[in-house]
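Examination of the molecular architecture
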Amino acid sequence: MSSTEDMISAMHDGLAEVSKEAGTKIPVPEAYLKATKHHLKDVQEYLDLYKKSLESPDTFWTEMSKEMLSWHQLWTGKTFEHNFDVRKGKVYSEWFKGGKLNACYNALDRHVENGHGSQIAFYCEGNDLSDDHRTVTYAEMLDQVKRLASALKKRGVRKGDVVAIYLPNIPELPISMLACARIGAIHNVVFGGFSAEALAGRILDAQCRVIITCDGVMRGNKVIELKALADAAEELVYERGDGHLVDRQIVFKRLGEDKCPVGMKPKRDEWWHEVLARADPECPVEWMDAEDPLFVLYTSGSTGKPKGLVHTTAGYILYAAVTHKYAFNYHENDVFFCTADCGWITGHSYVVYGPLLNRATSVIFEGVPTYPDASRLWQICEKYKVNQMYTAPTLIRSLMRAGDKYVSKVPRDSLRVLGTVGEPINPEAWNWFFNVGGDKRCPVVDTWWQTETGGHMIIPPPVKDFQMKPGAASFPFFGIEPVVLNEKGEELSKPCEGFLCIKRSWPGIHRTVLNDHERMEQVYFSTFKGYYMSGDGCRVDEDGYYWLTGRVDDVINVSGHRIGTAEVESSLVSHPYVAEAAVVPMPHDIKGQGIYAYVTLRDGFEPSEELRKELRQTVRVEIGAIATPDVIHWAPALPKTRSGKIMRRILRKIAEKGTQVSSEELGDISTLAEPQVVAQLIELYGK
Ligand code: WTA
């Protein structure tokens, strides 16, 4: 865990960034207000609804849940109950408990029953421009889901079992998720960019017996052999898990034998198309309790291994649907495009659940946004006449760097709302997105939220009379009561800066960490008693706008993806030459943050370029390419306090400023056991 001192120092770094350009206000564009319908008349209506959501949460969420969802049976008890205070007992949240419904039914069946079966659910854009570009209708989705669901059942999957899904961003991924949801199985989607090792850890922790994967996938020009990685993961699982066996694997054929030959293990491995062709086309839905788990999704935190966050059925889907509708001003017949992979929470909530629940037509994109060149995303927008595009600041920065010509050559008349997520968006990127990407016609909706929160928490509402501030996530969403605390846990009033916490439960909050409820209480509810601690720092300005300033804990946000420093450290230390490692964030022009690793070698081993390569490869294999360190800094020793705690504050500063770091920036180093280490580290910077 980070010390308070580390947390405060991280927060100040972020604040310095945010304060640079905090003055500008830009009204939500007139052209946008005219171009589309609006759920909300103006900012006043947004604020009124927000007020209602806090003052009468029961009524507000009951109404929302009836309007947005189809219930098999309504709940009879309280709409919600929660405890956020560890001193009063177990931390929990329960929404609509006792109510019965099914997430898949809400996402598909009811739309088909209402005569919308022929509506396109997904435009599927492949990696290659010449690829087959499929469309999948709601009726086709439902047919595939039912077949897969009955096949899973036949293979022994029961309500409450966890099924691992390791697929690229193709419609078979949402189909697999919904097939699980249909029969009450819990999906555990593992991002296709994670390594066999990372997959194995997630399979074992959740005790999955069944995996859904595919032969391979193209990323740009490269073939990624997913099936081979899944096979390797299963070997690891068998070795480590006391003989825990993945005994069923369903393999979708994405590339075919020519591009990606695979071996099929008899009895275990089956082809998706054969399984579905033989499967019972009917499969009744399992009516679930509102609080039954819908999925587990692993995410990195400050300490130890990734945690399996558990989201439950009604609260999560309601929150995904409501946020999708209001944050993007989504209307019937709009075409929505979220560029995220379903392997992340953004894909769960805004490729799969939010859009399907609202019966949206959306784009699911398998490829790389800059392949074959930097105009790809805009071309997709034009090709499918996308109305709302939702992406990440890191991508915006790389497109910005590529140059305006990639944007201006493509007409983008259909665009109305631009969204971003994943990290604070710097005003420069915001302005480019707004001015160039959206031709000053589209509001930029900078959504702050987390895997833990299920859906958007703080957004700039795209409504009449709202003044956007580039770089500010702005206002809390309905039902969200954020507070800013100082290090003593005292609530501050605006203007202020401190730790962003949430004071009461909302429908989309995760309910627990799989198999480890205590860890959930420890990580989110123990630092500040009575509050959910987000792990982010923030500033609230005079107008009440929230400005996020980045993580205050040991989580690095690389291209909008969370990497736990502890994970990278333990992977580096697993190399036989390494005695110790400390990993900190460093500023990175495109990725937002990069990974900076200090490595101390065991006696008798010397630093070399070759070893650097080897260490990077170790991390790649153990976690995945996204966690590869950008810099490996050879450290004769690490700066530690007399009690042996690494002073990360110092390491962060050296990573950021290098030899230019001033003693003022380093702060007090007299408490170090060996203060001379600091000078040695600075000396070795860049070597
Ligand atoms: C960061 C992604 C500033 C933040 C949905 C958070 C942001 C972490 C924003 C969650 C934003 C996400 N402005 N920071 N608009 N959106 N973050 O779990 O540090 O992958 O805690 O969820 O990303 O990352 P996660």
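Residues numbered from 1 in each chain as written. Predicted model: local features only at pLDDT ≥ 70, side-chain atom pairs only at ≥ 80, totals over all residues. Heavy atoms only, no water.

**Some words on the domain arrangement of the protein**
In many analyses, interface size is given as the accessible surface area lost on bringing the parts together. Threshold: Where each domain begins and ends follows an automated or database-derived domain assignment. Once two parts are joined, some of their accessible surface, as seen by a 1.4 Å probe, is lost; buried area is that loss totalled over both. We define a salt bridge as a side-chain nitrogen of Lys or Arg found within 4 Å of a carboxyl oxygen belonging to Asp or Glu. Any pair of nitrogen or oxygen atoms within 3.5 Å is treated as a polar contact; in protein, a donor-acceptor pairing is required on top of that, and neighbouring residues in sequence qualify only through side-chain atoms on both sides. Put simply, DSSP H or I for four residues or longer makes a helix, DSSP E for two residues or longer makes a strand, and each gets a number counted from the N terminus.
Under the domain assignment used here, the protein contains domain 1 (4–101 + 293–549), domain 2 (146–286) and domain 3 (559–683). On a C-alpha basis, the centroid separation for the pair domain 1 and domain 2 is 29 Å. For the pairing of domain 1 and domain 2, the buried interface totals around 2,300 Å² over both sides, and the portion due to carbon and sulfur atoms is 58%. Here domain 1 is connected to domain 2 by one salt bridge. The salt bridge involving Arg 254 is made with Glu 366; its shortest N-O contact spans 2.7 Å. Put simply, domain 1 and domain 2 have eleven residue pairs in polar contact (both at pLDDT 80 or more) between them. With six residues, strand β15 (residues 293–299) is the largest single contributor of residues to the side of domain 1 that touches domain 2.

**What to know about the UniProt feature "domain: Acetyl-coenzyme A synthetase N-terminal" (unreviewed entry) in the protein**
Let me state the cut-off plainly: UniProt positions are given in the numbering used here, feature names are shortened, and annotations may be inferred rather than shown by experiment.
Feature annotation in UniProt assigns "domain: Acetyl-coenzyme A synthetase N-terminal" (unreviewed entry) to the following positions: residues 46–107. Spanning residues 46–107, this segment combines 44% helix with 16% strand, and its end C-alpha atoms are found 26 Å apart.

**Observations concerning the pattern of salt bridges**
Operational definition: Categorising residues by exposure relies on relative accessible area from a 1.4 Å probe, with only protein chains included: less than 20% of the type maximum marks a residue as buried, more than 50% marks it as exposed, and the intermediate range marks it as partly exposed.
Applying the stated criterion across every chain yields a total of 49 salt bridges. Glu 257 is paired through a salt bridge with Lys 253; the nearest N and O atoms lie 3.0 Å apart. Note on Lys 253: relative accessible area 30%, which makes it partly exposed. Here Glu 656 makes a salt bridge to Lys 653, at a shortest N to O gap of 3.6 Å. Taken as a pair, Glu 656 and Lys 653 lie in helix α20 (residues 648–657) at a separation of three residues, close to a single helical turn. Residue classification places Lys 653 among the buried residues on the basis of a relative accessible area of 11%. Taken together, the shared-partner salt bridges in this structure form one network comprising Lys 227, Asp 231, Glu 234, Arg 268 and Asp 269.

**Comments concerning the packing of aromatic side chains**
The line we're drawing: For Phe, Tyr and Trp, where Trp contributes only its six-membered ring, two rings pair if their centres lie within 6.5 Å, and the inter-plane angle classes them as stacked under 30 degrees, edge-to-face over 60, or tilted in between. A ring has a charge above it when a Lys NZ or an Arg CZ is no more than 6 Å from the ring centre and no more than 35 degrees off the ring normal.
Per the stated rule, a full pass over the model turns up 40 aromatic pairs. Here Tyr 319 and Phe 477 contribute two aromatic rings whose centre-to-centre distance is 5.9 Å and whose plane-to-plane angle is 85°, an arrangement assigned as edge-to-face. In this pair, Tyr 319 sits in helix α11 (residues 313–327) while Phe 477 sits in the loop between β24 (475–476) and β25 (482–485), placing the two residues 158 residues apart along the sequence. Put simply, the rings of Tyr 46, Phe 60, Trp 61, Trp 71, Trp 75, Phe 80, Trp 95, Phe 96, Tyr 319, Tyr 326, Phe 477 and Phe 478 touch in pairs and so form one group of aromatic residues. Lying across the ring of Trp 271, Lys 253 places its NZ or CZ 4.7 Å from the centre.

**Re the sheet that holds strand β17 (residues 335–338)**
Stated precisely, the cut-off is as follows: Strands are treated as partners if at least two bridges between them are detected by DSSP. Fitted lines through C-alpha atoms give the axes, limited to the stretch in contact for helices. The angle between two N-to-C directions lies from 0 to 180 degrees. Contact between two residues is taken to exist if any of their heavy atoms lie within 4.5 Å; hydrogens are not considered.
One open sheet holds the seven strands; their spatial order is β6-β5-β18-β17-β19-β20-β21, and the pairing between them is mixed. Either end of the sheet is taken by a strand with one partner, and the two such strands are β6 (134–137) and β21 (444–446). Each strand of the sheet is rotated relative to its neighbour by a mean of 20°, with strand direction disregarded. Sheet topology places β17 next to strand β19 (residues 388–391); three bridges connect them, and they run parallel. The residue of β19 that forms the bridge with Phe 337 is Met 389. Sheet contacts for helix α12 (residues 345–357): β5 (120–125), β17, β18 (361–365) and β19; angle to β17, the most-contacted strand, approximately 165°.

**Remarks on the site of the ligand**
The test is simple: Throughout, the term near means that a residue has one or more heavy atoms lying within 4 Å of the molecule or strand in question. For accessible areas, the Shrake-Rupley method is used with a probe of radius 1.4 Å. Any residue's cover is judged against the shown protein chains and nothing else. Polarity classes work like this: nonpolar for Ala, Val, Leu, Ile, Met, Phe, Trp, Tyr, Cys and Pro, charged for Asp, Glu, Lys and Arg, and polar for all others, with Gly in that last group.
Taken together, 17 residues are adjacent to the ligand, and Asp 446, Thr 447, Thr 451, Asp 536 and Arg 562 come closest. Pro 424 has a polar backbone atom sitting 3.4 Å from a nitrogen atom of the ligand. A distance of 3.5 Å is found between a nitrogen atom of the ligand and a backbone nitrogen or oxygen belonging to Trp 448. In isolation the ligand has 520 Å² of accessible area, and contact with the protein removes 97% of it. The residue inventory of the shell around the ligand, partitioned by class, reads six nonpolar, six polar and five charged.

**Structural notes on the UniProt feature "domain: AMP-binding enzyme C-terminal" (unreviewed entry) in the protein**
The sites that UniProt annotates as "domain: AMP-binding enzyme C-terminal" (unreviewed entry) are residues 567–645. Taken end to end, residues 567–645 comprises 27% helix and 32% strand; its first and last C-alpha atoms sit 17 Å apart.

**Concerning the packing of helix α5 (residues 103–116) against helix α6 (residues 138–154)**
Formally: An angle below 35 degrees is read as roughly parallel, one above 145 as roughly antiparallel, one from 65 to 115 as roughly perpendicular, and any other as oblique. Two helices cross in a left-handed way if the nearer one is turned anticlockwise from the farther one by less than a right angle. They cross in a right-handed way if the turn is clockwise.
Running from N to C, α5 and α6 cross one another at 130°; their axes reach a closest spacing of 9 Å. It follows that α5 is oblique to α6 by the angle criterion. Both α5 and α6 take part in a crossing whose hand is left-handed. Judged by residue contacts, Cys 104, Ala 107, Leu 108, Asp 109, His 111, Val 112 and His 116 of α5 engage Tyr 138, Ala 139, Met 141, Leu 142, Val 145 and Lys 146 from α6. For the contact of α5 with α6, the class distribution of residues is nine nonpolar, two polar and two charged.

**Here's the deal with the packing of helix α4 (residues 57–68) against α11**
Following both chains from N to C, one finds α4 and α11 inclined at 85°, their axes separated by 10 Å at the closest point. Our classification of the angle between α4 and α11 gives roughly perpendicular. Listed contacts from α11 to Trp 61, Met 64, Ser 65, Glu 67 and Met 68 of α4 are Leu 318, Tyr 319, Ala 321, Val 322, Lys 325 and Tyr 326. Of the residues belonging to the contact of α4 with α11, the class tally is eight nonpolar, one polar and two charged.

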